[in-house]
Protein chains: 2
Amino acid sequence: MIVLDYRDKRPLYEQVTEKLAHLIIRGALAPGEKMPSVRQLALELSVNPNTIQRAYAQLEQDGYLYSVVGKGNFVSETFEWKIGKLKELKKELTALISQAQTAGMTKEDIIALISDIYSRADHKEELT
Amino acid sequence: MIVLDYRDKRPLYEQVTEKLAHLIIRGALAPGEKMPSVRQLALELSVNPNTIQRAYAQLEQDGYLYSVVGKGNFVSETFEWKIGKLKELKKELTALISQAQTAGMTKEDIIALISDIYSRADHKEELT
DNA sequence: TCAAGTGTATCGTTCGTCTTAATACAGTTA
DNA sequence: TAACTGTATTAAGACGAACGATACACTTGA
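The shown structure was predicted, so the numbers you read here are calculated from the model rather than taken from an experiment.

Conventions used here
Residues numbered from 1 in each chain as written. Chains lettered and ligands numbered in written order. Predicted model: local features only at pLDDT ≥ 70, side-chain atom pairs only at ≥ 80, totals over all residues. Heavy atoms only, no water. Contact = heavy atoms within 4.5 Å. Buried area = accessible area lost by both parts, 1.4 Å probe. Salt bridge = Lys/Arg side-chain N within 4 Å of Asp/Glu carboxyl O. Polar contact = N/O pair within 3.5 Å; in protein donor to acceptor, adjacent residues only side chain to side chain. Helix = DSSP H or I, 4+ residues; strand = E, 2+ residues; numbered from the N terminus. Nonpolar A, V, L, I, M, F, W, Y, C, P; charged D, E, K, R; others polar. Domains from an automatic or database assignment. Pairing = 2+ DSSP bridges. Axes fitted to C-alpha atoms, helices over the stretch in contact; angles between N-to-C directions. Parallel < 35°, antiparallel > 145°, perpendicular 65-115°, else oblique. Left-handed = near helix turned anticlockwise from the far one by under 90°. Buried < 20%, exposed > 50% of the residue type's maximum accessible area, 1.4 Å probe, protein only. Core = buried A, V, L, I, M, F, W, Y, C linked by side-chain atoms within 4.5 Å.

(A) Representation of the interface of chain B and chain A within the structure. If you look at the interface, chain B gives 25 residues, while chain A gives 25 residues. If you sort the residues of chain B by the area they bury against chain A, Leu93, Leu96 and Tyr118 of chain B come out on top, with a joint share of 23%. The tally of links between chain B and chain A comes to 0 salt bridges. Applying the counting rule to chain B against chain A returns 0 residue pairs in polar contact (both at pLDDT 80 or more). At the level of elements, α4 (78-102) and α5 (107-125) of chain B are the ones that each hand at least two residues to the side of chain B that touches chain A. With 13 residues, α4 of chain B is the largest single contributor of residues to the side of chain B that touches chain A. Within the side of chain B that touches chain A, the residues separate by chemical class into 15 nonpolar, 6 polar and 4 charged.

(B) Region of the structure containing the domain arrangement of chain A. Here the domain parsing of chain A yields domain 1 (12-75) and domain 2 (81-122). With centres defined by C-alpha atoms, the gap from domain 1 of chain A to domain 2 of chain A works out at 31 Å.

(C) Geometry of the pairing of strand β1 (residues 65-68) of chain B. In the sheet, β1 of chain B pairs with strand β2 (residues 72-75) of chain B via 4 bridges, with the strands oriented antiparallel. Pairing of Tyr66 of chain B across the sheet is with Phe74 of chain B, part of β2 of chain B.

(D) A look at the packing of helix α2 (residues 38-45) of chain A against helix α3 (residues 49-61) of chain A. All names here are of chain A. Relative to each other, α2 and α3 sit at 120°, their axes nearing to 8 Å. One element, α2, and the other, α3, form an angle in the oblique class. Two packed elements cross with a definite hand, and for α2 against α3 that hand is right-handed. Taken together, the residues of α3 that come into contact with α2 (itself represented by Val38, Arg39, Leu41, Ala42 and Leu45) are Pro49, Ile52, Gln53 and Tyr56. Tallied by class, the residues present in the contact of α2 with α3 amount to 7 nonpolar, 1 polar and 1 charged.

(E) Region of the structure containing the pattern of salt bridges. Residues and elements named next belong to chain A. Taken as a whole, this structure holds 6 salt bridges over all chains when the rule is applied. For Asp8, the salt bridge goes to Arg10, with nearest N and O atoms at 3.1 Å. By relative accessible area, which is 25% here, Asp8 ends up partly exposed. Looking at Arg10, the relative accessible area reads 29%, which means it is partly exposed. Here the salt bridges do not stand alone but share partners, grouping Asp8, Arg10 and Glu18 into one network.

(F) Structural view of the nonpolar core. Judged by nonpolar contacts, the single largest core of 24 residues is most densely connected at Ile110 of chain A together with Ile110 of chain B. For this core, the secondary-structure elements that each account for two or more residues are α4 (78-102) and α5 (107-125) of chain A together with α4 and α5 of chain B.

(G) View of the environment of Glu77 of chain A. When you line up the elements, Glu77 of chain A lands in the loop between β2 (72-75) and α4. Note: C-alpha distance between Glu77 of chain A and Ile24 of chain A (53 residues apart in sequence) is 9.9 Å.

(H) A look at the packing of helix α1 (residues 12-26) of chain B against helix α3 (residues 49-61) of chain B. Residue and element names in this part refer to chain B. One can describe the packing of α1 onto α3 by two numbers: an axis separation of 8 Å at closest approach and a directional angle of 50°. When the axis of α1 is compared with that of α3, the two are oblique. Viewed along their axes, α1 and α3 form a crossing whose handedness is right-handed. Residues Leu12, Tyr13, Val16, Thr17, Leu20 and Ala21 of α1 touch α3, and the partners they reach there are Thr51, Ile52, Arg54, Ala55, Tyr56, Gln58 and Leu59. For the contact of α1 with α3, a count of residues per class yields 9 nonpolar, 3 polar and 1 charged.

Right, dumping it as structure tokens:
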């Protein structure tokens with residue numbers, strides 16, 4: 001199901017989080033589906049249950065799944081994590097734009113920058 | 001000239017960097033002016049010369065000043081650091097907006113967000 | 001020329017935080 | 001109630017950031 005890379009310098013829980021998130025985003029794990037238990041997945045990956053627990057906690061934080069004590073972890077509906085991701089990005093964008101304006105960028109500067117980025121993206125989309 | 005706050009959890013070199021940057025931005029240190037030497041400022045602040053050195057290196061990286069071996073550190077022309085800051089912000093903004101659009105935010109969503117941020121900032125400016 | 005000033009590079013110690021694990025606690029269900 | 005779930009606490013180890021001691025390299029003026 002998942003293979004960990006011990007040459008990867010990132011922590012184990014982060015690798016697990018990322019790979020599970022990918023499976024959910026791609027639809028390999030359907031909404032409502034039951035995730036493997038923390039102990040079971042820990043056994044499969046030869047890792048401490050806490051490591052899986054931390055990955056699951058992060059995925060819950062990001063809206064990808066929800067947990068029920070005594071029952072297990074389950075994949076959330078798609079819109080859940082999309083909303084979560086948007087909120088996160090909005091937060092970061094706000095902070096960055098605040099910096100930008102204190103540094104002297106005008107509103108128009110930023111809008112022009114955004115238009116530029118989006119126009120390039122439109123070209124890419126034509127290829128998909 | 002500068003007072004360090006040891007209750008502040010941020011590292012000393014970061015405090016020094018920030019406060020010197022403020023002095024430069026506000027014009028208290030004029031372009032072309034000679035900065036105190038690393039050893040001299042280190043003495044004044046009762047801190048290791050390396051700490052000041054690191055602050056100066058950061059300020060040079062950000063375009064606030066330039067150094068000449070054997071002579072000293074000097075405040076850069078204003079446009080130098082403005083350009084540097086803008087480039088940095090543009091880079092971060094580009095990366096973040098790319099993420100935003102892959103996450104489903106539309107161009108209009110982002111522009112609305114920016115307008116919101118700027119309108120709040122305008123209110124603040126009226127008070128200064 | 002050389003002493004005294006300047007910036008810079010290297011190295012080691014300390015200290016905090018991050019990561020992971022061991023273990024115990026708590027809820028659910030057949 | 002046994003066997004499964006998730007969760008909380010604590011400790012140990014690794015790692016990196018911050019700072020300082022020290023030596024190196026360049027410039028200037030007496």
